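The primary structure of each chain is shown beneath.
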Amino acid sequence: MTLVSTPAVVLQTHRYSESSKIVRLATRDLGVQSAIAKGVLRPKSPFGAALETLSEGVAQLYHKETRELQTLAAFDVIELRRGLAGDLGRFAGAAALAEVMLKMAPAAPLAAAYDALTHGLDALAAVTPDQVDAVAVRWVWLLVGVLGFAPELDACVRDGSPVTGNGGGGEGTIAFNAADGGVLCGRCAGLQPSPPTRLPRQAYRDLLTLNDAGAELPALDAAHAAAHRRLVARFVRHHLGESGALRALDFWEHHAWVTPPPRPAHISATS
Ligand SMILES: [Zn+2]
C-alpha cells in the first residue's frame, strides 16, 4: 500500500456510517477510484466541507491496486465550484459530465480525460448564460472522445466515403448513427435496418464545431441545444449499453425547467 498524492475531482459521495463517507473520485494519476473518508462527518474533520460533488483538490490516497475501496487520508481543496451549484443549467451540465467520467473512465491513469473533465467544469462556470448548453454539449463530446469513443464525423464511419455533396443519404441532411459511431454516406445510410438520425446541414456543421475545442462555440437556440443534448446523450447511452441508469445525463438532456420539450423536427429521432 502506498500513499499517493494526486489532483482529484469529487464525482459522487455517499454517507457510509455515522461519521464516514464513500467518495468516487476522478483522479489525474489513478483514474476513477472509490475511497472511504473516515470521520468526514465529524464536526472537527480535517476534510471540512471540501468533499462535495464537483469540488477539486489534491487527494492523498492510501492506494492498493488489488483493492476496490481505497482510503482517503486527506483532500486539500483547490476549487469548490460553488458557482456551478448555484445555477441549475450549469450544474446539470457539470453533473452530466461527471457522470460520463464516472461510468466510462477506467480505474487507470488517463490524464487527458481528467483534464477534459476539469476544463469542461471550468468552462461551464465561466461561460455566458446563453452558451451554457453549447459548452456542456462540447465537453461531453470531448470527454467521450478522449475516453476512446470519439465519433467519426468527417467521412462515412463504415467505408470512408464523403458524406457531404451527395446528400449524405437524404435531402440536404447528413445521416448519423450512434451504433456505428458516426456519420454515414448515402449508400450506407440506405442499408440501415432502422433509419439513422438525420442531421440538417446546419446541425451537422454545429456538431463539427462542438467537437473542436479550438473553434468558436455555435449559437444554439433552445430547440437546437435540446437536439444536440439528445444526440450526445443517445451516443453515450449506446456506448454504455446496459450499465445502469444515467440519472444526471437524463436530467440534463430533458432540461425541462428552462425550455418546453423539444420538437423533434430539428434532429429527427430514430427511436
Ligand atoms: Zn458509407
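Residues numbered from 1 in each chain as written. Predicted model: local features only at pLDDT ≥ 70, side-chain atom pairs only at ≥ 80, totals over all residues. Heavy atoms only, no water.

1. Structural notes on the overall build of the chain
Piece 1. Across its full length, the chain holds eight helices and eight strands.
Piece 2. For 271 residues, the compact-globule estimate of 2.2 N^0.38 gives 18 Å, and the C-alpha radius of gyration of the chain, at 20 Å, lies within 12% of that figure.
Piece 3. Reported as C-alpha extents along the three principal axes, the dimensions of the chain are approximately 65 × 40 × 30 Å.
Piece 4. The 271 residues of the chain split such that 49% are buried. (Helix = DSSP H or I, 4+ residues; strand = E, 2+ residues; numbered from the N terminus. Rg over C-alpha atoms; globule rule 2.2 N^0.38 Å. Buried < 20%, exposed > 50% of the residue type's maximum accessible area, 1.4 Å probe, protein only.)

2. Section: the environment of Ala49
Piece 1. Along the chain, the position of Ala49 falls in the loop between strand E3 (31–37) and strand E4 (56–63).
Piece 2. Under the relative-accessibility criterion, Ala49 is labelled partly exposed at 45%.
Piece 3. Considered as a pair, Ala49 and Leu80 are 31 residues apart in the sequence and their alpha carbons are 9.0 Å apart.
Piece 4. Excluding residues within four positions of it along the chain, Ala49 makes contact with Leu80 and Arg82. (Contact = heavy atoms within 4.5 Å.)

3. Overview of the pairing of strand E1 (residues 2–15)
Piece 1. Strand direction decides the pairing type here: E1 and E4, joined by eight bridges, are antiparallel. Bridge pairing links Ser5 to Gln60 in E4.
Piece 2. Pairing of E1 with strand E2 (residues 21–27), which is carried by seven bridges, proceeds in the antiparallel orientation. Bridging across to E2, Ala8 finds its partner in Thr27. (Pairing = 2+ DSSP bridges.)

4. A short note on the coordination of the zinc ion
Piece 1. Around the zinc ion, the donor atoms from the protein are Cys156 (SG), Asp159 (OD), Asp159 (OD), Cys185 (SG) and Cys188 (SG), and they sit 2.2 to 2.8 Å away.
Piece 2. Between consecutive donors of the zinc ion, the numbers of intervening residues give the motif C-x2-D-x25-C-x2-C. One end of the pair, Asp159, is in the loop between helix H4 (132–149) and strand E6 (173–177); the other, Cys188, is in helix H5 (residues 186–190), with 29 residues separating them in the sequence.
Piece 3. Among the residues examined, Cys188 registers a relative accessible area of 3% and is labelled buried. (Donors = N, O, S within 2.8 Å, 3.2 Å for Na, K, Ca; no water.)

5. Here we look at the pairing of E2
Piece 1. Taken across its seven residues, E2 has six buried, putting it largely inside the fold.
Piece 2. From the end of E1 to the start of E2, which pair antiparallel, there are five residues.
Piece 3. Sheet topology places E2 next to E3; seven bridges connect them, and they run antiparallel. Its bridge partner being in E3, Lys21 is matched across the sheet by Ala37.

6. Brief notes about the sheet that holds E4
The strands making up a sheet associate through backbone hydrogen bonding, with each pair oriented either parallel or antiparallel.
Piece 1. Taken together, the five strands give a closed barrel; going around it, the order is E1-E2-E3-E5-E4, and neighbouring strands pair in mixed fashion. In this sheet, adjacent strand axes meet at a mean angle of 50 degrees when their direction is disregarded.
Piece 2. The strands that helix H2 (residues 88–104) touches are E1, E2 and E3; relative to E1, the one it contacts most, it runs at about 120 degrees. (Axes fitted to C-alpha atoms, helices over the stretch in contact; angles between N-to-C directions.)

7. Quick notes on helix H3 (residues 111–126)
Piece 1. Between the first and last C-alpha of H3 there are 22 Å, a value that for 16 residues agrees with the 22 Å anticipated at 1.5 Å per step.
Piece 2. Among the residues making up H3, those that are buried are Ala113, Tyr114, Ala116, Leu117, Thr118, Gly120, Leu121 and Leu124. (Expected span 1.5 Å × (residues − 1).)

8. Some thoughts on the side chain of Arg81
Piece 1. Residue placement: Arg81 occurs in the loop between strand E5 (69–79) and helix H1 (82–85).
Piece 2. Side-chain polar atoms of Arg81 contact the backbone oxygen of Leu54, separated by 3.5 Å.
Piece 3. Within the local environment of Arg81, its side chain forms a polar contact with the side chain of Asp122, the two groups lying 2.6 Å apart. (Polar contact = N/O pair within 3.5 Å; in protein donor to acceptor, adjacent residues only side chain to side chain.)

9. A few points about the sheet that holds E6
Piece 1. Ordered by their spatial adjacency, three strands build an open sheet running E7-E6-E8, and the pairing between neighbours is antiparallel. Taken across any chain shown, the strands that pair with only one partner, and hence form the sheet edges, are strand E7 (182–184) and strand E8 (197–200). Neighbouring strand axes in the sheet, compared pairwise and without regard to direction, differ in orientation by 45 degrees on average.
Piece 2. Sheet analysis places E6 next to E8, joined by four bridges and oriented antiparallel. What sits directly across from Phe176, in E8, is Thr197.
Piece 3. Relative to E8, helix H6 (residues 201–210) is tilted by about 90 degrees, and along the sheet it contacts E6, E7 and E8.

10. Regarding the pattern of salt bridges
Piece 1. In this structure the tally under the stated criterion is nine salt bridges.
Piece 2. Asp115 serves as the salt-bridge partner of Arg28, at 2.8 Å between the closest nitrogen and oxygen. Here Arg28 is found in the loop between E2 and E3, whereas its partner Asp115 is found in helix H3, with 87 residues between them in sequence.
Piece 3. Taking the relative accessible area as the measure of exposure, Asp115 reaches 24% and is therefore partly exposed.
Piece 4. The partner of Asp180 in a salt bridge is Arg158, with the nearest N and O atoms 3.0 Å apart. Highlighted residues: Asp180 in the loop between E6 and E7 and Arg158 in the loop between H4 and E6, separated in sequence by 22 residues. (Salt bridge = Lys/Arg side-chain N within 4 Å of Asp/Glu carboxyl O.)

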